[in-house]
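# Architecture and fold: a report
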Amino acid sequence: MTRLRDYPVLELETGIRLHLAHTWRARLLGLAFLPALDPGDALVIPHCTSVHTFGMRFRLDVVFVDRDWLPIYIEYDVGPRRVLRSRFARSVIEVAAGEVGRLADGLRLQRALGDERSGRTAPVPRSR
């Protein structure tokens with residue numbers, strides 16, 4: 001999981017840490033070849049409509065979100081060697097299998113707080 005520590009991160013109110021795949025290499029590798037994903041971590045792949053799970057060593061939930069970070073399609077308990085696509089998605093979030101509820105709650109809270117504080121609707125990751 002060393003790779004994820006180098007990515008910009010946003011922590012949601014529910015404790016989920018969104019790590020931003022901000023480089024071409026980060027987007028290509030995603031979570032492939034990692035031994036596991038901590039239940040509190042998630043990977044955000046911005047401007048993405050499809051993902052693959054080749055090289056995955058664990059199962060995950062995949063959430064396709066729109067430009068307002070609202071989930072539009074969720075695939076649960078995805079195993080290795082799969083390709084998933086949602087042509088209406090703006091970004092994709094990958095989270096450990098079974099953690100999608102916590103992620104969705106966090107996105108809703110973040111959106112509500114953003115609307116109250118600054119009119120922003122999308123989470124903005126900060127650099128470490």
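A brief structural summary. Residue indices follow the written sequence of each chain, beginning from 1 at its first position. pLDDT decides what is reported in this predicted model: residues at 70 or higher carry local features, side-chain atom pairs at 80 or more are listed and counted, and totals for whole chains, interfaces and linings draw on all residues regardless. Excluded from the side-chain calculation are hydrogens and water; included are all heavy atoms of the structure.

## Focus: the nonpolar core
Convention followed: Residue types Ala, Val, Leu, Ile, Met, Phe, Trp, Tyr and Cys, when buried and joined through side-chain atoms within 4.5 Å, form a set referred to as a nonpolar core. Exposure is judged per residue with a 1.4 Å probe applied to protein chains only, and the accessible area is read against the type maximum: over 50% gives exposed, under 20% gives buried, and values in between give partly exposed. Each helix corresponds to a stretch of at least 4 residues labelled H or I by DSSP, and each strand to a stretch of at least 2 residues labelled E; elements are numbered beginning at the N terminus. Any two residues whose heavy atoms approach within 4.5 Å are treated as being in contact.
The biggest cluster of nonpolar side chains holds 21 residues, and the ones touching the most others in it are Leu4, Leu31, Leu43, Val51, Phe58, Val62 and Phe64. The leading source of residues in this core is strand 5 (residues 60-65), at 3 residues. The residues contacting leucine 4, other than those within four sequence positions of it, are His19, Leu31, Leu34, Leu37 and Leu43. By size, the runner-up hydrophobic cluster in this structure holds 15 residues, among which are Leu10, Ile93, Val100 and Leu107.

## Let's talk about the pairing of strand 8 (residues 91-96)
So the rule is basically this: Strand pairing is assigned whenever DSSP identifies at least 2 bridges connecting the two strands.
Most of strand 8 is tucked away: 6 of the 6 residues are buried. By the bridge criterion, 5 bridges tie strand 3 (residues 41-46) to strand 8 in an arrangement that is antiparallel. Bridge pairing in strand 8 places valine 44 opposite isoleucine 93. Direction of pairing for strand 5 relative to strand 8: antiparallel, over a ladder of 6 bridges. When the bridges of strand 8 are listed, valine 63 appears paired with isoleucine 93.

## Thoughts on the packing of aromatic side chains
Let me state the cut-off plainly: Any Phe, Tyr or Trp ring, taking Trp's six-membered ring, that has another such ring centre within 6.5 Å forms a pair; planes under 30 degrees apart are called stacked, those over 60 apart edge-to-face, and the others tilted.
The tally for this structure, following the rule as stated, stands at 1 aromatic pair. Here the aromatic rings of phenylalanine 64 and tyrosine 73 are separated by 5.7 Å at their centres, their planes lie at 35°, and the arrangement is tilted. Residue classification places phenylalanine 64 among the buried residues on the basis of a relative accessible area of 0%. Look at tyrosine 73 and you get partly exposed, because its relative accessible area is 33%.

## Considerations on a nonpolar patch on the surface
Rules: In this scheme, patches are assembled from residues that exceed 30% relative accessible area and form no salt bridge. Like charges are connected within 9 Å, while nonpolar side chains (Val, Leu, Ile, Met, Phe, Trp, Tyr) are connected within 5 Å. Methods summary: accessible areas were calculated by the Shrake-Rupley approach with a probe of 1.4 Å, and residue burial reflects only the protein chains presented. For salt bridges, the criterion is a side-chain nitrogen of Lys or Arg within 4 Å of an Asp or Glu carboxyl oxygen.
A surface patch of nonpolar side chains, amounting to about 310 Å² of accessible area, comprises Ile72, Tyr73 and Phe88. Structurally, the position occupied by tyrosine 73 is in strand 6 (residues 71-78).

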